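# Secondary and tertiary structure notes
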Amino acid sequence: MTTYGPAEAAERSGFSIDTLRYYEREGILPPVARNSGGRRQYSDDDLAMLDFLRCLRDTGMPIERLRRYGELARSDQTMPERLALIEEHTNVVESRIAELESQRTRLKEKAAWYREQLDK
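Residues numbered from 1 in each chain as written. Predicted model: local features only at pLDDT ≥ 70, side-chain atom pairs only at ≥ 80, totals over all residues. Heavy atoms only, no water.

If you look the chain up in an unreviewed UniProt entry, it shows as DNA-binding transcriptional MerR regulator from Kribbella rubisoli.

Structural data, given as structure tokens:
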């Protein structure tokens, strides 16, 4: 099994080392294995989890919900709860996308108006 030290895990995940520690301390990321010297050793599974956490964070999931997802992800028995959390977040993201699309339309309309005014 391949493992990665904190610096490499940070580089591969796109999170800072401080964020990795914070996520572990806050229970967002399950406890990370350590080597005989006590250094964190991230696995491919840890990196996969971090990749999904990045998706959740980048789409605006609040820290409390990230924490809840991290807690739920520790047990296979919580799949229904995880699914519900992800579906709820998906609805929030879809609503935000609709809002952004509406705002984009307004921006394009205003830009078209300015072009029309400049062409007069």
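Past the structure itself, the notes keep going.
With that settled, the discussion passes to the overall build of the chain. A count of helices and strands for the chain gives five helices and two strands. Counting from the amino terminus, helix and strand elements in the chain follow one another as β-α-α-β-α-α-α. Relative to its length of 120 residues, the chain is extended, with a C-alpha radius of gyration of 20 Å against a globular reference of 14 Å. Considering only C-alpha atoms, the chain reaches an extent of 75 × 35 × 25 Å along its principal axes. (Helix = DSSP H or I, 4+ residues; strand = E, 2+ residues; numbered from the N terminus. Rg over C-alpha atoms; globule rule 2.2 N^0.38 Å.)

Contact geometry for helix α3 (residues 44–58) and helix α4 (residues 63–72): axes closest at 10 Å, N-to-C directions at 150°. Viewed along their axes, α3 and α4 adopt a mutual orientation that is roughly antiparallel. α4 is crossed by α3, and the crossing has right-handed handedness. Contacts from Met49, Phe52, Leu53, Leu56 and Arg57 in α3 reach Leu66, Tyr69 and Gly70 in α4. When the residues that make up the contact of α3 with α4 are grouped by side-chain class, the tally is six nonpolar, one polar and one charged. (Axes fitted to C-alpha atoms, helices over the stretch in contact; angles between N-to-C directions. Parallel < 35°, antiparallel > 145°, perpendicular 65-115°, else oblique. Left-handed = near helix turned anticlockwise from the far one by under 90°. Contact = heavy atoms within 4.5 Å. Nonpolar A, V, L, I, M, F, W, Y, C, P; charged D, E, K, R; others polar.)

On to the side chain of Arg82, then. Positionally, Arg82 belongs in helix α5 (residues 79–119). Buried Arg82, no salt bridge; nearest opposite-charge side chain is Asp76, N-O distance 4.5 Å. Apart from residues lying up to four places away in sequence, Arg82 is in contact with Tyr69, Leu72, Ala73, Ser75 and Asp76. (Buried < 20%, exposed > 50% of the residue type's maximum accessible area, 1.4 Å probe, protein only. Lys, Arg positive; Asp, Glu negative; His and termini not counted. Salt bridge = Lys/Arg side-chain N within 4 Å of Asp/Glu carboxyl O.)

Of all the positions in helix α2 (residues 17–25), only Thr19, Leu20, Tyr23 and Glu24 are classed as buried. Looking straight down α2, one finds its buried side chains confined to an arc of 135°; they lie on one side. Of the exposed residues in α2, those oriented more than 90 degrees away from the buried face are Asp18 and Arg25. Next to the buried residues of α2 lie α1 (6–13), β2 (42–43), α3 and α4. Two residues or fewer past α2, Gly27 is found with a positive phi of approximately 80°. (Arc of directions from axis to C-beta.)

On the UniProt side, "coiled-coil region" (unreviewed entry) is annotated at positions that read residues 90–117 here. Taken end to end, residues 90–117 comprises 100% helix and 0% strand; its first and last C-alpha atoms sit 40 Å apart. (UniProt positions renumbered as here; feature names shortened; annotations may be inferred.)

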